[in-house]
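Structural overview
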Amino acid sequence: MSAEQASWFSQTFTRLVDNVGLAVLGKPEAVKLAFTCLLSGGHMLLEDFPGTGKTSLARSLAATVQASHSRIQFTPDLLPSDVTGVTIFDQASREFEFHPGPIFASIVLADEINRASPKTQSALLEVMEEGRVTIDGKPHEVGRPFLVIATQNPIEQAGTYRLPEAQLDRFLMKSSLGYPDHDATVDILGGVSVRDRSATLSPVITAQAVVEMIDLAATVYVDPAVLDYVSRLAAATRGKPEEIRLGVSVRGAISLVRAAKTWAAANGRHYVVPDDIKDLAEPVLAHRMVMDAEAEFDGATSAVSLARVLDQVAPPQQRA
């Protein structure tokens with residue numbers, strides 16, 4: 001990526017975020033993370049209470065990049081075929097025809113994923129990883145761009161199936177929208193006559209342009225010193241901290257580098273700096289860490305432990 005391309009990427013990224021901000025009020029950081037996921041070829045997990053704007057976020061992203069959108073409401077009786085699709089025998093043609101499920105969209109909202117059975121959860125996570133669905137031995141590509149925004153209820157709520165650590169590791173980022181602040185809430189209440197703000201948005205770029213941005217972000221330069229820093233951070237989570245039972249995997253370190261490339265381009269740079277790693281460490285790495293049960297009972301969290309690791313591991317010195 002050249003400096004000129006980085007400048008164009010940054011300007012386009014800002015326009016995308018600002019456009020979604022017209023519908024998702026008061027949450028620019030969450031919107032930036034969502035676009036970073038999309039342009040890094042990853043997926044996002046939102047842990048939030050109902051009514052915080054998760055559906056609006058997914059619809060607004062789709063409207064902004066002129067892409068298809070679908071929503072899957074996960075329930076205990078949802079079957080894998082309800083997500084991926086099914087093959088049905090056509091009496092007229094005397095052949096089996098594939099009927100795609102709602103997963104075949106550019107931006108998919110998987111609402112309350114932890115209410116579905118582990119079997120259905122795994123069907124979604126498989127297509128997230130592979131980018132395709134295999135039915136009766138025949139693969140079906142979901143296409144690009146492809147972003148799954150999965151939401152889950154806080155685990156204390158009844159009727160949920162906790163996502164295993166290996167499945168959490170498949171999500172590039174985990175974040176939350178949270179409730180809007182006072183000013184944003186007043187703006188939302190003032191516009192209650194508009195039932196769906198995302199429907200009023202005009203597209204900024206096409207879905208094909210998003211694919212080009214994804215490919216462009218992948219070319220951002222990462223210095224070996226920054227790669228060394230990421231490796232040392234991941235290793236530190238697997239080392240001394242007694243409260244951490246399972247640290248960051250190699251997949252987690254790879255995800256951090258991928259996201260940092262997009263983050264750097266979004267900030268108008270064609271190279272990654274240590275601050276990019278620090279900015280994204282919590283949303284990319286914290287959900288991949290498994291805390292010791294006793295330490296968790298005492299109030300320890302992965303975010304606090306990760307912040308301690310970031311303080312202890314020295315970043316490389318930036319060249320003048």
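Going by the structure above, here's the rest.
All chains use their own residue numbering, which begins from 1 and follows the written sequence. Only residues with pLDDT of at least 70 are given local features in this predicted model, and only at 80 or more are side-chain atom pairs given and counted; all residues enter the totals for whole chains, interfaces and linings. Side-chain measures here rest on the full set of heavy atoms in the structure, leaving out hydrogens and waters.

Here we come to the overall build of the chain. Numbering of helices and strands starts at the N terminus; helices are DSSP runs of H or I of at least 4 residues and strands are runs of E of at least 2. Helix and strand counts for the chain stand at 13 helices and 11 strands. A radius of gyration in this sense is built from C-alpha atoms; the matching globule rule multiplies 2.2 Å by the number of residues raised to 0.38. On C-alpha atoms alone, the chain measures out to a radius of gyration of 20 Å, which is about the 20 Å that the 2.2 N^0.38 rule sets for 320 residues. Considered along the principal axes of its C-alpha atoms, the chain spans approximately 70 × 50 × 45 Å. Partly exposed describes any residue whose relative accessible area lies between the buried limit of under 20% and the exposed limit of over 50%, with all areas from a 1.4 Å probe on protein chains only and scaled to the type maximum. Burial analysis of the chain (320 residues in total) assigns 50% to the buried set. Counting only contacts in the chain whose residues sit at least 6 apart along the sequence, the fraction spanning at least 24 positions is 77%. Taking the 29 positively charged and 39 negatively charged side chains of the chain as two groups, their mean positions are separated by 2 Å. Should any heavy atoms of two residues lie within 4.5 Å, those residues are considered in contact. Residues scored as positive are Lys and Arg, those scored as negative are Asp and Glu, and His as well as the terminal groups of each chain are ignored. The atoms used to mark charge sites are NZ of Lys, CZ of Arg, CG of Asp and CD of Glu.

Our focus in this paragraph is helix H13 (residues 302-312). All buried positions along H13 are accounted for by Ser-302, Ser-305, Leu-306, Val-309 and Leu-310. Down the axis, H13 shows its buried residues gathered within 145° of arc, on one side only. Contacts made by the buried residues of H13 are with helix H9 (224-237), strand E10 (244-246), helix H11 (274-285) and strand E11 (290-291). Summarising the geometry, the arc corresponds to the directions from the helix axis toward the C-beta atoms.

For any pair of aromatic rings, the description rests on two quantities: the centre-to-centre distance and the angle between the ring planes. Pairs were defined over the aromatic rings of Phe, Tyr and Trp, the Trp ring being its six-membered one, requiring ring centres within 6.5 Å. Orientation was assigned from the angle between planes: stacked under 30 degrees, edge-to-face over 60, tilted for the rest. Considering all chains together, one arrives at two aromatic pairs under this definition. Ring geometry for Phe-13 against Phe-35: centres 6.3 Å apart, planes inclined by 65°, an arrangement best described as edge-to-face. In this pair, Phe-13 sits in helix H1 (residues 3-21) while Phe-35 sits in helix H2 (residues 28-39), placing the two residues 22 residues apart along the sequence. Assigned by exposure class, Phe-13 and Phe-35 land together as buried. Between Phe-98 and Phe-104, the aromatic rings sit 5.7 Å apart at their centres with planes inclined by 70°, giving edge-to-face as the arrangement. The exposure class assigned to Phe-98 is partly exposed, which follows from its relative accessible area of 21%. Given a relative accessible area of 24%, Phe-104 falls into the partly exposed group. Throughout this description, the term charge over a ring refers to an Arg CZ or Lys NZ atom that lies within 6 Å of the ring centre and within 35 degrees of the ring normal. In this structure, Arg-269 is placed above the aromatic ring of Tyr-271, and the distance from its NZ or CZ to the ring centre is 6.0 Å.

The next subject is the nonpolar core. To qualify as a nonpolar core, a set must consist of buried Ala, Val, Leu, Ile, Met, Phe, Trp, Tyr and Cys residues joined through side-chain atoms within 4.5 Å. Counting residues in hydrophobic clusters, the biggest one holds 70 residues, and the most contacted among them are Phe-9, Phe-35, Leu-57, Leu-61, Val-65, Ile-277 and Leu-280. By size, the runner-up hydrophobic cluster in this structure holds 24 residues, among which are Leu-45, Ala-105, Ile-135 and Val-148.

Attention shifts here to the pattern of salt bridges. We count a salt bridge whenever a side-chain nitrogen from Lys or Arg sits within 4 Å of a carboxyl oxygen from Asp or Glu. Taken as a whole and assessed by the stated rule, the structure comprises 11 salt bridges. A salt bridge links Arg-71 to Asp-111, with the nearest nitrogen and oxygen atoms 2.7 Å apart. Placement of Arg-71 in strand E2 (residues 69-73) and of Asp-111 in strand E5 (residues 107-111) is noted, with a sequence separation of 40 residues between them. Classification of Arg-71 as partly exposed rests on a relative accessible area of 39%. For Glu-112, the salt bridge identified is with Arg-115, shortest N-O distance 3.3 Å. The exposure class assigned to Arg-115 is partly exposed, which follows from its relative accessible area of 26%. The network of salt bridges with common partners includes Asp-169, Arg-251 and Arg-288.

Bringing the pairing of strand E3 (residues 85-90) into the picture now. Strand pairing is assigned whenever DSSP detects at least two bridges linking the two strands. Pairing of E3 with strand E4 (residues 95-100), which is carried by six bridges, proceeds in the antiparallel orientation. Looking at E4, one finds that Thr-87 is bridged to Phe-98. The loop that links E3 with its antiparallel partner E4 comprises four residues; one of these, Arg-94, has a positive phi angle of about 60°.

With respect to the helices, strands and loops of the structure, Thr-262 is situated in helix H10 (residues 250-266). Given the relative accessible area of 1%, Thr-262 is considered buried. Each C-alpha atom of the pair Thr-262 and Gly-41 lies 9.9 Å from the other, and the pair is 221 residues apart in sequence. In this structure, Thr-262 is in contact with Phe-9, Thr-36, Leu-39, Ser-40 and Ala-217, ignoring residues within four places of it in sequence.

What follows deals with the side chain of Lys-261. Counting through the fold element by element, Lys-261 comes out in helix H10. For Lys-261, which is buried and forms no salt bridge, the nearest opposite charge comes from Asp-215, at a distance of 11 Å. A polar atom in the side chain of Lys-261 sits 3.0 Å from the backbone oxygen of Ala-218. Apart from the residues within four sequence positions on either side, Lys-261 is in contact with Ala-217, Ala-218, Val-220, Val-222 and Val-272. Within 3.5 Å is the distance limit for a polar contact, defined as a pair of N or O atoms, with the added protein rule that one can donate a hydrogen and the other accept it, and that residues adjacent in sequence qualify only through two side-chain atoms.

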